[in-house]
Amino acid sequence: MLKKIVSCAWILLIVPALSCLGQTKSVILEEVVARVNNEVITRSDLARARSQLQSEAQQDCPKCTAREIDEKVASEDKNVLRDLIDNSLLVQRAKDMGVNVETDVVKRLDDIRVQNNIPSMEELEQQIDKSGVSFEDFKSNIRNQLLQQEVIRHEVGSKLILDHAQVQKYYDEHKQEFVRPEQVIVREIFVSTEGKQETEIPALRKKADDLLQRVKNGEDFGELAKHFSDGSTAKQGGDLGRFQHGQLAPNIETMVFALQRNQTTDVIPTKTGFDILQVQEHYAAGQQPEDKVENEITDKLYNDQLRPALRDYLETLREDSYVSVKPGYTDSAAVPSSTIDEVPPTPDSDDKKKKKQQPALPRSAGSKNGE
């Protein structure tokens, strides 16, 4: 009987009033792809994640051909289910830790409202609902992202210790990397006017002016770019990259090479909107001094340590959790585990034994972290 129940549970989520045993008619709601403790990942979740992957690839490379986009998506597709499982584990861990991000959720929603020139939160909710996405789902996605970030910061990032000696060692061993022509690292905040009515342009110009003033008042340029820029670089904090003389339009080159670190241009009108550029770093020609590239080296060393540390942490979460994947689907980060075998029912009176022995999935229905 257990095998039949488990097998059915893998196939469908059905209306609670109906049992998948002995029923010839059931209302199918969704296929379960994976179980992560008490949470499930469905086929629709997987489809949405893949669709988002496609959209992000197109945004990150707007000049790529359809074939190039497909190749980028294919290279990441094998990890889509892994990432959904990772996200679920991180959110569950955040809840176990008692993390509360509700204030940040409201702030993020208000940033979105301001960015899109929406007068009230009520209208923002209406517009999101009209787009075909439930406002509660939209809000929940923001909450989950913030919970994941907080767990990574607290449980992984805070344990990475970088001292000046490590930075100095890297600099001494890679001095040739820091022999450079005159260069600037530039980032942008872009306010688009494409597809807008002429009557909307003054409000968009005011938005750009207000953002520039916020930068001058001391707000972080990268964070403002993430939340308010319409450019394809928004997710990267507006990062446009590193430029030498001759790589930028002449009028832009004149502006940015006249700026020093963290200085910003005025609002620049363009054919498609309004641009604000900031020189994040300005390198004179020749060997760059260690103090000039210290932040660059620190960021590199931190990120180099964070990626494997996060993977190790997620593996620990998996080992301490129940993760089971339906046969036919692949979790690319599955940890080795033994098959969970069925055991006979245990009398209620024997509490200790009952806790140790639980009915488990037969091999045919998938084992912990099985593929």
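Residues numbered from 1 in each chain as written. Predicted model: local features only at pLDDT ≥ 70, side-chain atom pairs only at ≥ 80, totals over all residues. Heavy atoms only, no water.

**Some remarks on the overall build of the chain**
Argument step 1. Secondary structure assignment for the chain yields 13 helices and 11 strands.
Argument step 2. A burial count over the chain gives 37% of its 371 residues as buried.
Argument step 3. Per element, the accessible surface of the chain, about 22200 Å² overall, is 49% carbon and sulfur. (Helix = DSSP H or I, 4+ residues; strand = E, 2+ residues; numbered from the N terminus. Buried < 20%, exposed > 50% of the residue type's maximum accessible area, 1.4 Å probe, protein only. Areas by Shrake-Rupley, 256 points an atom, 1.4 Å probe, with all protein chains shown as cover.)

**A word on the pairing of strand β6 (residues 183-192)**
In the case of a regular strand, side chains alternate between the two sheet surfaces.
Argument step 1. Counting buried positions over the 10 residues of β6 gives 10, a clear majority of the element.
Argument step 2. Burial along β6 is two-sided: the face carrying Gln183, Ile185, Arg187, Ile189 and Val191 and the face carrying Val184, Val186, Glu188, Phe190 and Ser192 are both buried.
Argument step 3. Strand direction decides the pairing type here: β6 and strand β7 (residues 239-244), joined by five bridges, are antiparallel. Looking at the pairing, Gln183 lines up with Gln244 of β7. (Pairing = 2+ DSSP bridges.)

**Focus on the confidence of the model for the chain**
Argument step 1. Mean pLDDT over the chain stands at 83; residues scoring 70 or higher make up 82%.
Argument step 2. Considering only residues more than four positions removed or in separate chains, one finds that residues 1-25, a stretch of pLDDT under 50, has 49 contacts.
Argument step 3. Between residues 351-371, whose pLDDT stays under 50, and residues either more than four places distant or in other chains, the model counts 53 contacts. (pLDDT = per-residue confidence, 0-100. Contact = heavy atoms within 4.5 Å.)

**A look at unusual backbone geometry**
Argument step 1. Non-glycine residue Asn37 carries a positive phi angle of around 55 degrees.
Argument step 2. Inspection of the secondary structure assignment puts Asn37 in the loop between β3 (32-36) and β4 (39-42).
Argument step 3. Phi angles above zero are rare outside glycine, and Asn262 is one such case at about 70 degrees.
Argument step 4. Along the chain, the position of Asn262 falls in the loop between α11 (250-256) and β8 (268-269).
Argument step 5. Judged by its relative accessible area of 45%, Asn262 is partly exposed.

**Things to note about a negative patch on the surface**
Argument step 1. Negative charge collects at one region of the surface, where Glu122, Glu125, Asp129, Glu136 and Asp137 lie side by side.
Argument step 2. Looking at the negative patch, the elements that each hand over two or more residues are α6 (121-130) and α7 (135-156).
Argument step 3. Here the negative patch gets three residues from one element, more than from any other, and that element is α6.
Argument step 4. Residue position: Glu125 is located in helix α6. (Patch = residues over 30% accessible without salt bridge, like charges linked within 9 Å, V, L, I, M, F, W, Y side chains within 5 Å. Salt bridge = Lys/Arg side-chain N within 4 Å of Asp/Glu carboxyl O. Lys, Arg positive; Asp, Glu negative; His and termini not counted. Charge placed at Lys NZ, Arg CZ, Asp CG, Glu CD.)

**A look at the nonpolar core**
Argument step 1. Ranked by size, the top nonpolar core spans 41 residues in total, and within it Ala34, Ile41, Leu46, Leu81 and Ile85 carry the most contacts.
Argument step 2. Sort the elements by how many residues they give to this core and helix α4 (residues 80-97) lands first, with eight residues.
Argument step 3. In terms of nonpolar packing, the next biggest core, distinct from the first, is built from 14 residues, Leu204, Leu212, Ala225 and Phe274 among them. (Core = buried A, V, L, I, M, F, W, Y, C linked by side-chain atoms within 4.5 Å.)

**Structural notes on the packing of aromatic side chains**
Argument step 1. Under the defined criterion, the tally for this structure stands at one aromatic pair.
Argument step 2. With a centroid separation of 5.5 Å and 25 degrees between ring planes, the pair formed by Tyr171 and Phe178 is classed as stacked.
Argument step 3. Take Tyr171: its relative accessible area is 7%, and that puts it in the buried class.
Argument step 4. Above the plane of the ring of Tyr283 lies Arg180, whose end atom (NZ or CZ) is 4.8 Å from the centre. (Phe/Tyr/Trp six-rings, centres within 6.5 Å; stacked < 30°, edge-to-face > 60°. Lys NZ or Arg CZ within 6 Å of the ring centre and 35° of its normal.)

**Description of the packing of helix α5 (residues 102-115) against α7**
Argument step 1. For the pair α5 and α7, the least separation of the axes is 9 Å and the interaxial angle reads 120 degrees. With respect to their mutual orientation, α5 and α7 come out oblique. For the pair α5 and α7, the sense of crossing is right-handed. Within the contact between the two elements, α5 uses Glu102, Asp104, Val105, Arg108, Leu109 and Ile112 and α7 uses Phe135, Phe138, Lys139, Ile142, Arg143, Gln145 and Leu146.
Argument step 2. Class assignment for the residues of the contact of α5 with α7 results in seven nonpolar, one polar and five charged. (Axes fitted to C-alpha atoms, helices over the stretch in contact; angles between N-to-C directions. Parallel < 35°, antiparallel > 145°, perpendicular 65-115°, else oblique. Left-handed = near helix turned anticlockwise from the far one by under 90°. Nonpolar A, V, L, I, M, F, W, Y, C, P; charged D, E, K, R; others polar.)

**Brief notes about helix α8 (residues 164-173)**
Argument step 1. Along α8, the residues that are buried comprise Val167, Tyr170 and Tyr171. Down the axis of α8, the buried set is contained in an arc of 100 degrees. They therefore lie on one face. When the buried face of α8 is taken as reference, the exposed residues oriented beyond 90 degrees from it are Ala165, Lys169 and Glu173.
Argument step 2. Check the buried side of α8 and you find it contacts β10 (286-287) and α12 (290-319). (Arc of directions from axis to C-beta.)

**Structural notes on the environment of Val133**
Argument step 1. If you trace the backbone, Val133 turns up in the loop between α6 and α7.
Argument step 2. Beyond its immediate sequence surroundings of up to four residues, Val133 is in contact with Ile128 and Phe138.

**Some details on the state of the cysteines**
Argument step 1. Summed over the entire model, instances satisfying the criterion amount to one disulfide.
Argument step 2. At a sulfur-sulfur separation of 1.7 Å, the disulfide partner of Cys61 is Cys64. Its S-S torsion of about 70 degrees marks the bond between Cys61 and Cys64 as right-handed, since a negative value means left-handed.
Argument step 3. Look at Cys64 and you get buried, because its relative accessible area is 18%. (Disulfide = S-S within 2.5 Å.)

**Some remarks on the sheet that holds β8**
Argument step 1. Within the open sheet, the four strands sit side by side as β7-β6-β9-β8. Their pairing is antiparallel. Of all the strands in the sheet, the pair left with one neighbour each is β7 and β8.
Argument step 2. Bridge analysis of β8 against strand β9 (residues 273-283) gives two bridges, and the strand direction is antiparallel. When the bridges of β9 are listed, Ile268 appears paired with Asp275.
Argument step 3. In the packing of α12 onto the sheet, the strands contacted are β7 and β9, and the crossing angle to β9 comes to about 120 degrees.

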